[in-house]
Amino acid sequence: MSQQREKLSKEAHAYTPGLKIKELMTVRKVRILPIPGDVLVEKGDAVDFDTIVARTMVPGDPHIVEASNFLGLQPDELPKYMVKKTGDVIEKDEIMAQYIAFWGLLKRFVKSPINGMIENVSSLSGRITIREHPTPIEIKAYIPGEIVEIIPNEGAVIEVNATFLQGIFGIGGERHGKLTFVVDSPQEAITEQMITSEHKGKIIVGGSFITLEALKRAIENGITGIVIGGINAADLNDFLGYKIGVAITGEEEIGTSLIVTEGFGKMRMSQRTFEYLRAYDGKEVAINGATQIRAGVMRPEVIIPHEDRRKETSKTIELVGGMRHGTPIRIIREPYFGRFGTVVSLPIELQKAETESLVRVVEVELEDGGRVMVPRANVEIIEE
Amino acid sequence: MSIAKSGWIEDKEAISRLRISTGKMRYILATDVGSTTTKARFFSRTTGEWRYVVSGEAPSTVEAPYEDVTMGVRNAVREVEELTGHQILNEEGTGIYVPFDDEKGVDLYCTTSSAGGGLQMTVAGNVSTMTAESANRAALGAGAIVMDVMATDDGRPDYAKINRLRSLRPDMFVLAGGTDGGTVKLVIEMAEVIKAAKPKPRFGRGYKMPLIFAGNKNARSDIKSFFSDEFDLTIVDNLRPTLDREVIEPTRRAVHELFMEHVMSHAPGYQRLAKWTDLDIMPTPAAEGLAMQLIAYINKANVLGVGLGGATTNVYSIYEERFVRSVSANLGMSYSICNVLKESSVENIKRWIPFELNDLELENRLYNKMIRPTTIPQTLEELIVEHAVAREALRLGLEHHKTIATRLKGVKVVDRDLADIQYEVEETYIKMINFHIIAGTGGLLSHAPRRAQPFMILTDAFQPEGVTKLFQDSVFMMPHLGVLSTVYKDAAWSVFDKDCLVRLGTVIAPVGSAREGESIMDVALEMPDGSNINMEMKFGEIKRIMLSEGEEAMVEVSPHKGFDIGPGPNKPLKTVITGGSVGVVIDTRGRPLTLPDESQERQKKIFEWINSISLYPEDQMTRLMEK
């Protein structure tokens, strides 16, 4: 009986999604416009990081002018005094409406505050709406690869074989640059002195931590991106100039993108992440710091594109099913936060934690050989 | 839905569509489709009364790669089937068997949903504290997250409002403004701002934005010609027909219909789910609000309720039959935990912690919880930190609620022009002395290892005054019971009463302040076994008396030194109190509760209070303090 239970506990499944750290996978990116427009590529085309995939025109901002008030008219009188009509193109300071009385002795003019087009003349409120000219927006490929699908009027899907690494949190949007190492080991921190003008336009990789001073130096030196194990929350907020309240990021205009691979505090970078990155030192890669933790989870990423068309190996997908004996995991909560290990067993019975809560646990063998019990909710699988 | 003096308002139209009359029903299934989890609850009528039987849960499947919400519902229901052996899904898995045919199926299936961010709205009116505020209350009451409240006088220039509208992608709009017969100019100006911004709906690319007009009836024809082309316009009765009247129900009903028609129909799989259900799919917070109203209705009491979630905090008040909901969309215990930190402060969180904690360390811990929101505290230290954050989230949630739950009065129209309208809004009517029930729900409260913990979290955050009962739910099913109550109140309450509501106990807390250790109140209790307990309470202490759930005791409270337990300063109160899993807590720490400024002194005091009501395991607590 006890042998059977032992067997069961080693085989039991538990699905704890983790961050993807894949040596080789097919990365697909759907690149679409926010509103319909023109798709500039065709199926089968090869694209590079900066290839423009689609383009459209976004309607300009509207401006509302209190015309009847200014002219001293009732709102419903305004249309009579319009010099321009709805749909007319108009230049800045051009007269839109005028009121002339007493044989020209009293003159009042309403001029356009912008270049644009008259969209509405309201006889109810006495206001004129003028809209700025449309502005073009373009969507770039972001990753090099092949166009595998066209979404008419919206964009395209790009595919590439790549090494794909997810971080846990990031800031800043899509960028690309050459990977450059400034530390020798995953436990080493990036300090101010390590960053020089030679790193301009590059994506620097550190180990466990980056100081606030080093972050500032990175901006001064035009660093494209930073991949790091950990950062202090206070330093990040200081750097941004405001406090992050919810993890929805990617729009920050800070001149660089930051990918945090492990979490907040000084956190040794996962050995695998570090090794995969080091294998491609000097290679041009794509990064995106955009993070969204709620519905539609989005994690920051590093994509290292490969020229060859190898398929994903079965090893890369076999662990997606769940956690079992031997599964590599990392612990993501105190008191063992940041430690790596492998699953030894998944006891069936609920166990009482120090908090007195009854929880489902996993027995983990840490890298130093020690064994600990932690709630299953507090580990994540390292998908290889 | 609101409580009427004549009784609980049921949805007669929905009742008429039921496939079997409620009196003949034997099994009911209800689900809630959340952003991450779909929760099925199975109820049955056994030995004449409705009881909760079992739960089934499965990940929600609203997002890619599944994009079909019915898959998650099926998986959750299948778990119910496995646990009960009772077949509910049809053989093809394409629906629910309704009604029960003596072997399989249920007699009623209903569901709520908050998946995909719930119902998101933007509202606008003429004056911030009048029509815009009423529109906000109507949207909140319908279960929405209100992304912005715009008004002619909100201080933002038109271009700023337009830019804001262009960045939002709400599910629908409510435009209010003007009393019936008053000027139409202001509401037309707001309409022009909305039209110029051309806001895009969140779902359904190419669809028209739903817009409800609930303003001055004289503006209807202008509004119709103005919006008909580019918006999906619904016109309802003015929600402020006169300045001293607020009529929210028509707007709330329109929101609900549009929610089904536009939001749910564009969400993946909902059209199919809508065919499975016997009742319209209801936004989860609207159903939770109904559950809170049911507590008030049955107990004939004013109720303050709270749903403390991972991302949002909903506060509900039912005061003299008026129901108001507020949602603090970014106050929560996981996804939004850092927003609590941001809105509160490290110092305010630390004031509830009885040991020293480095600021940097505390911040990093909370940020790590934000990015890994499903983790749970393993150590007592971590648990205490989360409980401290919960107190602040609830405190901020109640503060926000007070800004919504306001009474209009003294409105005096001098001229029908904005500049000449004189108005004043009374401060909130939420006075804790008037609320005799506080009900809490949400993972942190429900999963707390000791019931005393949610009891004290609610007490510290809301600071109840006088004599107040505290409730919480055992298993998350308030939304399920809320939607059920619209057609079958008795079944909903039976399950609520016997299986859902945990009576935590009663807190007795006088209002006033004194010097530490000063005698402020005598308490005499006649216990159910006939024994008497007499206590002299000193300022700054808490005492706990065991009184089990279902038991009652007669209490006579005699405050002095100006303290007030309800009837007025120094006036005694004799009343019957009810017990619960915690019992009775006599809290003479003062109202408002002030904590010592000096950190060591404060930590000592918090530790003393923790021990006086056995809040945490004593041995581990002592070890933690020594560390």
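Conventions and cut-offs
Residue numbers restart at each chain and count upward from 1, following the sequence in its written direction. For this description, chains carry letters from A and ligands carry numbers from 1, given in the order in which they are written. At least 70 in pLDDT is required for a residue's local features to be given in this predicted model, at least 80 for side-chain atom pairs to be given and counted, and no such filter applies to totals for whole chains, interfaces and linings, which use all residues. Each helix is a run of DSSP H or I of at least 4 residues and each strand a run of E of at least 2, with the numbering of both proceeding from the N terminus. Each radius of gyration is computed over the set of C-alpha atoms, and the globule rule expresses the reference value as 2.2 Å times the number of residues to the power 0.38. Placing C-beta atoms from the backbone, we regard two residues as in contact once those atoms come within 7 Å. The residue classification treats Ala, Val, Leu, Ile, Met, Phe, Trp, Tyr, Cys and Pro as nonpolar and Asp, Glu, Lys and Arg as charged. All others, Gly included, are polar. In this description, a nonpolar core means buried residues of the types Ala, Val, Leu, Ile, Met, Phe, Trp, Tyr and Cys, linked to one another by C-beta atoms lying within 7 Å. Field definition: a residue is buried when 20 or more other C-beta atoms are found within 10 Å of its C-beta, exposed when 12 or fewer are, and partly exposed for counts in between, with C-beta atoms placed from the backbone. The quantity known as pLDDT measures the predictor's confidence residue by residue, on a range of 0 to 100. The split into domains, and so the bounds of each, comes from an automatic or database assignment of domains. Under the convention used throughout, the expected extent of a helix is 1.5 Å for every residue step, that is, one less than its residue count. Helix axes are fitted to C-alpha atoms over the stretch in contact, other axes to C-alpha atoms as well, and angles between N-to-C directions run from 0 to 180 degrees. Throughout this description, any angle smaller than 35 degrees is read as roughly parallel, any larger than 145 degrees as roughly antiparallel, any in the 65 to 115 degree range as roughly perpendicular, and the remainder as oblique. The hand of a helix crossing depends on one turn: near helix anticlockwise from the far one by less than a right angle means left-handed, and clockwise means right-handed. In this analysis, strands are considered paired if DSSP registers two or more bridges between them.

A. Region of the structure containing the overall build of chain B. When you go through chain B residue by residue, the secondary structure sums to 19 helices and 26 strands. Relative to its length of 627 residues, chain B is compact, with a C-alpha radius of gyration of 25 Å against a globular reference of 25 Å. On the principal axes, the C-alpha backbone points of chain B span a range of 70 × 70 × 50 Å.

B. The overall build of chain A, seen in detail. On a plain count of helices and strands, chain A comes out with six helices and 29 strands. Against the 2.2 N^0.38 benchmark of 21 Å for 384 residues, chain A shows a C-alpha radius of gyration of 29 Å, more extended than a compact globule. Principal axes of the C-alpha set define a box for chain A whose edges measure 105 × 50 × 45 Å.

C. Representation of unusual backbone geometry within the structure. For the bond from A:E334 to A:P335, the omega torsion is 10°, close enough to zero to count as cis. Along the chain, A:P335 turns up in the loop between β23 (328-331) and β24 (340-345). In this structure, B:P99 follows B:V98 across a cis peptide bond, with omega equal to 0°. Here B:P99 is to be found in the loop between α2 (69-84) and β6 (108-113). Positive phi, close to 85°, is recorded for A:E356, a residue that is not glycine.

D. Here's a closer look at the interface of chain B and chain A. Contacts between chain B and chain A engage 45 residues on the former and 42 residues on the latter. For the side of chain B that touches chain A, the secondary-structure elements that each account for two or more residues are α4 (158-167), α5 (185-197), α10 (337-343), α12 (359-371) and α13 (380-404) of chain B. The dominant element in the side of chain B that touches chain A, judged by the number of residues it contributes, is α12(B), at seven residues. Residues of the side of chain B that touches chain A, tallied by class, amount to 19 nonpolar, 14 polar and twelve charged.

E. Highlighting the nonpolar core. Within the largest apolar cluster, 282 residues are counted, with the highest numbers of intra-cluster contacts made by B:A139, B:V174 and B:I212. Per element, the largest residue contribution to this core is eleven residues, and it comes from α13(B).

F. Looking closely at the confidence of the model for chain B. All names here are of chain B. Summary statistics for chain B give a mean pLDDT of 90 and a share of 95% for residues scoring 70 or more. Considering only residues more than four positions removed or in separate chains, one finds that residues 412-426, a stretch of pLDDT under 50, has 26 contacts. Listed scores for the predicted complex are pTM 0.88 and ipTM 0.88.

G. Up close: the domain arrangement of chain B. All names here are of chain B. Here the domain parsing of chain B yields domain 1 (26-106) and domain 2 (116-272). Using C-alpha coordinates to define each centre, domain 1 is positioned 35 Å away from domain 2. Of the residues lining the interface, five residues belong to domain 1; the matching set on domain 2 comes to six residues. Of the residues in the side of domain 1 that touches domain 2, the class split is two nonpolar, one polar and two charged.

H. Representation of helix α18 (residues 599-612) of chain B. With 14 residues, α18(B) extends 20 Å between its outermost C-alpha atoms, agreeing within 8% with the 20 Å of an ideal straight helix rising 1.5 Å per residue. The positive-phi residue at the C-terminal boundary of α18(B) is B:S614, with phi of around 50°.

I. Expanded view of the packing of α4(B) against α5(B). All names here are of chain B. α5 packs onto α4 with a crossing angle of 45° between their chain directions and a minimal axis gap of 9 Å. For the element pair α4 / α5, the angle class is oblique. Note on packing geometry: the crossing formed by α4 with α5 is right-handed. Only V193, I194, A196 and A197 of α5 make contact with α4, whose side of the interface consists of D158, K161, I162, L165 and R166. Here the residues of the contact of α4 with α5 are counted per class, giving six nonpolar, no polar and three charged.

J. Here's a closer look at the sheet that holds strand β23 (residues 541-545) of chain B. Residue and element names in this part refer to chain B. Sheet architecture is open: eight strands sit in the order β15-β14-β13-β18-β19-β20-β26-β23, paired in mixed fashion. Each having just a single partner strand, β15 (322-328) and β23 make up the two edges of the open sheet. The mean angle between the axes of side-by-side strands here comes to 20°, regardless of whether they run parallel or antiparallel. Across seven bridges, strand β14 (residues 313-319) lies against β15 in antiparallel orientation. Along β15, the bridge assignment pairs I318 with F323.

K. Main features of the sheet that holds strand β3 (residues 27-33) of chain B. All names here are of chain B. Strand order in this open sheet of five strands is β5-β4-β3-β6-β12, and the pairing throughout is mixed. Of all strands in the sheet, those with a lone pairing partner are β5 (49-59) and β12 (282-283), marking the two edges. Bridge count for β3 against strand β4 (residues 37-46) is seven bridges, and the pairing is antiparallel. Bridge pairing in β4 places A30 opposite R41. Contacting β3, β4, β6 and β12, helix α16 (residues 478-485) runs over the sheet at an angle of about 125° to β3.

L. Expanded view of the packing of α16(B) against helix α17 (residues 489-500) of chain B. All names here are of chain B. Contact geometry for α16 and α17: axes closest at 7 Å, N-to-C directions at 155°. When the axes of α16 and α17 are compared, the pair comes out roughly antiparallel. Seen from above, α16 lies across α17 with left-handed handedness. Mapping the contact onto sequence places M478, L481, L484 and S485 in α16 and K489, A491, A492, V495, F496 and C500 in α17. In terms of residue class, the contact of α16 with α17 is made up of eight nonpolar, one polar and one charged.

M. Up close: the pairing of strand β4 (residues 52-58) of chain A. All names here are of chain A. In the sheet, strand β2 (residues 38-39) pairs with β4 via two bridges, with the strands oriented antiparallel. If you follow V39 over to β4, its bridge partner there is A54. As defined by bridge partners, β4 adjoins strand β11 (residues 135-140) across six bridges and the pair is classed as antiparallel. When the sheet's bridge partners are listed, M57 is paired in β11 with P136.

N. Geometry of the confidence of the model for chain A. Residues and elements named next belong to chain A. Per-residue pLDDT for chain A averages 89, and the proportion of residues at 70 or more is 90%. Ranking the helices and strands of chain A by mean pLDDT puts strand β21 (residues 284-288) first, with 98, and helix α6 (residues 315-318) last, with 42. For residues 1-15, every residue scores under 50 in pLDDT, and the model assigns this stretch 20 contacts once sequence neighbours within four places are set aside.

O. How the structure looks around the environment of B:L366. Residues and elements named next belong to chain B. Inspection of the secondary structure puts L366 in helix α12. Spatially, the C-alpha atoms of L366 and L470 are 28 Å apart, while their sequence positions differ by 104 residues. When near neighbours in sequence (up to four residues on either side) are disregarded, L366 contacts I337, C338, L341 and V389.

P. Layout of the environment of A:T224. Residues and elements named next belong to chain A. In this fold, T224 is placed in the loop between α3 (212-220) and β19 (225-231). A tally of 22 C-beta atoms within 10 Å means that T224 is categorised as buried. Distance from T224 to E367, taken between C-alpha atoms, is 34 Å for residues 143 residues apart in sequence. If near-sequence neighbours (up to four positions away) are discounted, T224 is found in contact with R175, G177, G201, K202, I203 and T256.

Q. The environment of B:L408, seen in detail. All names here are of chain B. Relative to the assigned elements, L408 resides in strand β16 (residues 406-413). Since 18 C-beta atoms lie within 10 Å of it, L408 is described here as partly exposed. In this structure the C-alpha to C-alpha distance between L408 and Y207, which are 201 residues apart in sequence, comes to 37 Å.

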